Amino acid sequence: MSQIQSVYFNHDAGVDDLVSLFMLLQMENVRLTGVSVIPADGYLEPGADASRKIIDRFGTYAPETAKSNSRGKNPFPPAWRMHTFYVDALPILNESGTMEAPLSDLPAHRHMIRQLLATEGKTTLLFTGPLTDLARALDEAPEIEDKIEKLVWMGGGFERGNVDEPEHDGTAEWNVFWDPEAAHRVWQSGIEIDLVALESTIKVPLDLKIRKRWASERRYEGVDFLGNCYACCPPLVHMENNSTYYFWDVLTTLSIGKPELVSKKTINCIVIPDGPSQGRTVEQADGRPVNLVYDTDPQAFSDYMIALAQQA
Ligand code: AGV
Ligand code: CA
């Protein structure tokens, strides 16, 4: 059994963000020191509520949840953001009718600073949305850098992007595009970065095979929860950018609980902060090093995901 790692989780309230929180709470080798919600690919109030309800229902301990007051440059499509409301409304999260898990009155970036400084040793940061809160935290309290083990981030894309927006050339991934300057700021820091980019998740699409497996094992409450969460995401395979869902955030999250799930290599890259390619990540010899996830085993991935859900 590997050692217990302290993890601080900042997410943006999408389906796979909330499923990631559920997964983290089941990992025996992870201790969550805090959760924060940024209203990027989701909405803030239902995002914080759903997080607290997931902690109540599926956690054996209760980390604090904090709301972000950060705003991005390029808003996500409202149709995607609506997913937060669907998850928050699931009966399994509302059976008790209460919300017991603590809510912090600090904004997310300050909450993260406080938790990093208050936690013994170093903390792994897991970000499954934009990096705005981390960029702000680094500006306000540069001393936190010494308390960060590494940043594990779902963001970027080197072969293609997933943004279809006017005045943009389509080369960026959404988590970078929402706030390109924040990613650019974090790139200037000395923090070690594990990067799960669009290419990293190509082998783990949300396909019918895994949906069937969840359905066949729905006698497990946690597996049923996975199936219900992802029922928000319609399986329309011919509209790649608008609907094909990958396990972007979940792969990122599971790589913390089980590092051997992924293969990583060091590349040097930059983030383009403005203009028509804003948010694009580009491999470049004089860029900063990141550990890019370039491969995973889809079978081992789905087995681990289901094993965690079964034990919930
Ligand atoms: O770009 C991937 C990021 C991940 O953090 N998000 C979804 C994941 O939470 C944005 C996104 C890209 N395509 C999407 C997205 C889609 N079709 N629906 C919802 N969100
Ligand atoms: Ca996300």
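To start, this report covers the structure provided alongside it. Once a new chain begins, its residue numbering starts again from 1 and follows that chain's sequence as written. All chains are assigned letters beginning at A, and all ligands numbers beginning at 1, according to the order in which they are written. Residues qualify for local features only when their pLDDT is at least 70, as the model is predicted, and side-chain atom pairs are given and counted only at 80 or more; totals for whole chains, interfaces and linings, by contrast, use all residues. Only hydrogens and water are removed before side-chain values are computed, so all heavy atoms of the structure are retained for them.

The numbering of helices and of strands both runs from the N terminus, where a helix is a DSSP run of H or I of at least 4 residues and a strand a run of E of at least 2. Tracing the chain through its elements places D194 in strand β6 (residues 193-196). Buried, partly exposed and exposed residues are distinguished by accessible area as a fraction of the type maximum, computed with a 1.4 Å probe on protein chains only: under 20%, between the cut-offs, and over 50%, respectively. The exposure class assigned to D194 is buried, which follows from its relative accessible area of 5%. Counting along the chain gives 84 residues from D194 to R110, while the straight-line C-alpha distance between them is 23 Å. Contact definition: two residues touch when any of their heavy atoms are within 4.5 Å. Every residue in contact with D194, bar those within four places of it in the chain, is listed here: K150, L151, V152, W153, K264 and N291. At 2.8 Å, the side chain of D194 forms a polar contact with the side chain of K150. Counted as a polar contact is a pair of N or O atoms within 3.5 Å, where, for protein atoms, one must be capable of donating a hydrogen and the other of accepting one, and residues adjacent in sequence contribute only when both atoms are in side chains.

With that out of the way, let us pick up the packing of helix α1 (residues 15-26) against helix α11 (residues 221-230). Where α1 contacts α11, the axes come no closer than 10 Å and their chain directions differ by 170°. The angle between the axes of α1 and α11 places the two elements in the roughly antiparallel class. Classified by chirality, the crossing of α11 by α1 is right-handed. Contacts from V15, D16, V19, F22 and M23 in α1 reach G222, F225, L226, C229 and Y230 in α11. Residues are grouped as follows: Ala, Val, Leu, Ile, Met, Phe, Trp, Tyr, Cys and Pro are nonpolar; Asp, Glu, Lys and Arg are charged; every other residue, Gly included, is polar. In terms of residue class, the contact of α1 with α11 is built from eight nonpolar, one polar and one charged. Between N-to-C directions, angles span 0 to 180 degrees; the directions come from axes that are lines fitted to C-alpha atoms, helices contributing only their stretch in contact. For this classification, under 35 degrees means roughly parallel, over 145 means roughly antiparallel, 65 to 115 means roughly perpendicular, and everything else is oblique. Each helix crossing is assigned a hand: it is left-handed if the near helix lies turned anticlockwise from the far helix by less than a right angle, otherwise right-handed if that turn is clockwise.

Once that is clear, we can look at the side chain of S189. Along the polypeptide, S189 turns up in the loop between α9 (180-187) and β6. A distance of 2.6 Å separates a polar atom in the side chain of S189 from the backbone oxygen of V186. Excluding its chain neighbours within four sequence positions, the residues that come into contact with S189 are L138, E145 and R288.

The subject of this paragraph is the site of ligand 1. Throughout this document, a residue counts as near a molecule or strand when at least one of its heavy atoms sits within 4 Å of that molecule or strand. Around ligand 1 there are 16 residues in total, and D16, D41, T128, E173 and D249 lie nearest to it. One of the backbone N or O atoms of T128 is found 3.0 Å from an oxygen atom in ligand 1. Using a 1.4 Å probe, accessible areas were evaluated by the Shrake-Rupley method; residue-level cover was limited to the displayed protein chains. When ligand 1 is considered free in solution it has 430 Å² of accessible area, and contact with the protein chains removes 99% of it. Contributing elements (two or more residues each) for the shell around ligand 1: α1, α12 (240-243) and α13 (248-257). The element best represented in the shell around ligand 1 is α12, accounting for three residues. A class-by-class count of the residues in the shell around ligand 1 yields five nonpolar, six polar and five charged.

Protein ligation of the calcium ion (ligand 2) involves D12 (OD), D17 (OD), D17 (OD), T128 (O) and D249 (OD), the donor distances falling in the range 2.3 to 2.6 Å. Each donor residue of the calcium ion (ligand 2) lies on the same chain, and together they follow the pattern D-x4-D-x110-T-x120-D. Of the two residues, D12 sits in the loop between β1 (5-11) and α1 while T128 sits in the loop between β4 (123-127) and α7 (132-140), which places them 116 residues apart along the sequence. Only N, O and S atoms count as donors, using a 2.8 Å cut-off from the metal and 3.2 Å for Na, K and Ca, and because water is excluded some sites may appear unfinished.

Our focus in this paragraph is the pairing of β1. Counting buried positions over the seven residues of β1 gives six, a clear majority of the element. When DSSP locates at least two bridges between a pair of strands, those strands are taken to pair. Where β1 meets strand β2 (residues 30-37), seven bridges bridge the pair, whose relative direction is parallel. The residue of β2 that forms the bridge with F9 is V35. Note that the unit made of β1, α1 and β2 has a crossover that is right-handed. Whether a crossover is right-handed depends on one test, that the path from the first strand over the helix to the second runs clockwise when the strands point away from the viewer.

This next bit is on the packing of aromatic side chains. Each pair of aromatic rings is reported with the distance of its centres and the angle of its planes. In this analysis, rings of Phe, Tyr and Trp, with Trp reduced to its six-membered ring, are considered paired at centre separations within 6.5 Å, and the interplanar angle assigns stacked below 30 degrees, edge-to-face beyond 60, and tilted for intermediate values. Summed over the entire model, instances satisfying the criterion amount to 16 aromatic pairs. Pairing Y43 with F85 gives two aromatic rings, centres 5.4 Å apart and planes at 50°, and the pair type is tilted. Placement of the pair is Y43 in the loop between β2 and α2 (44-58) and F85 in helix α4 (residues 83-88), with a sequence separation of 42 residues. The exposure class of Y43 is partly exposed, given its relative accessible area of 23%. Look at F85 and you get partly exposed, because its relative accessible area is 39%. Ring centres 5.3 Å apart and planes at 80° place the aromatic pair Y230 and F247 in the edge-to-face group. In this pair, Y230 sits in helix α11 while F247 sits in the loop between α12 and α13, placing the two residues 17 residues apart along the sequence. Through a chain of ring-to-ring contacts, the aromatic side chains of W214, Y230, Y245, Y246, F247, W248 and F301 assemble into a single cluster. Note that K258 overlies the ring of Y304, its terminal NZ or CZ placed 5.1 Å from the centroid. Put simply, a charge is over a ring when the Lys NZ or the Arg CZ is close to the ring centre, within 6 Å, and near the line of the ring normal, within 35 degrees.

Time to look at the nonpolar core. Within the largest apolar cluster, 57 residues are counted, with the highest numbers of intra-cluster contacts made by M23, W214, Y230, F247, L254 and M305. Looking at which element gives the most residues to this core, the answer is α1, with eight residues. Setting aside chain neighbours within four positions, we find M23 in contact with L226, L254, M305, L308 and A309. Nine residue types can take part in a nonpolar core, namely buried Ala, Val, Leu, Ile, Met, Phe, Trp, Tyr and Cys, and a core is a set of them joined through side-chain atoms within 4.5 Å. Within the second largest apolar cluster, 31 residues are counted, among which are I113, L116, W153 and L195.

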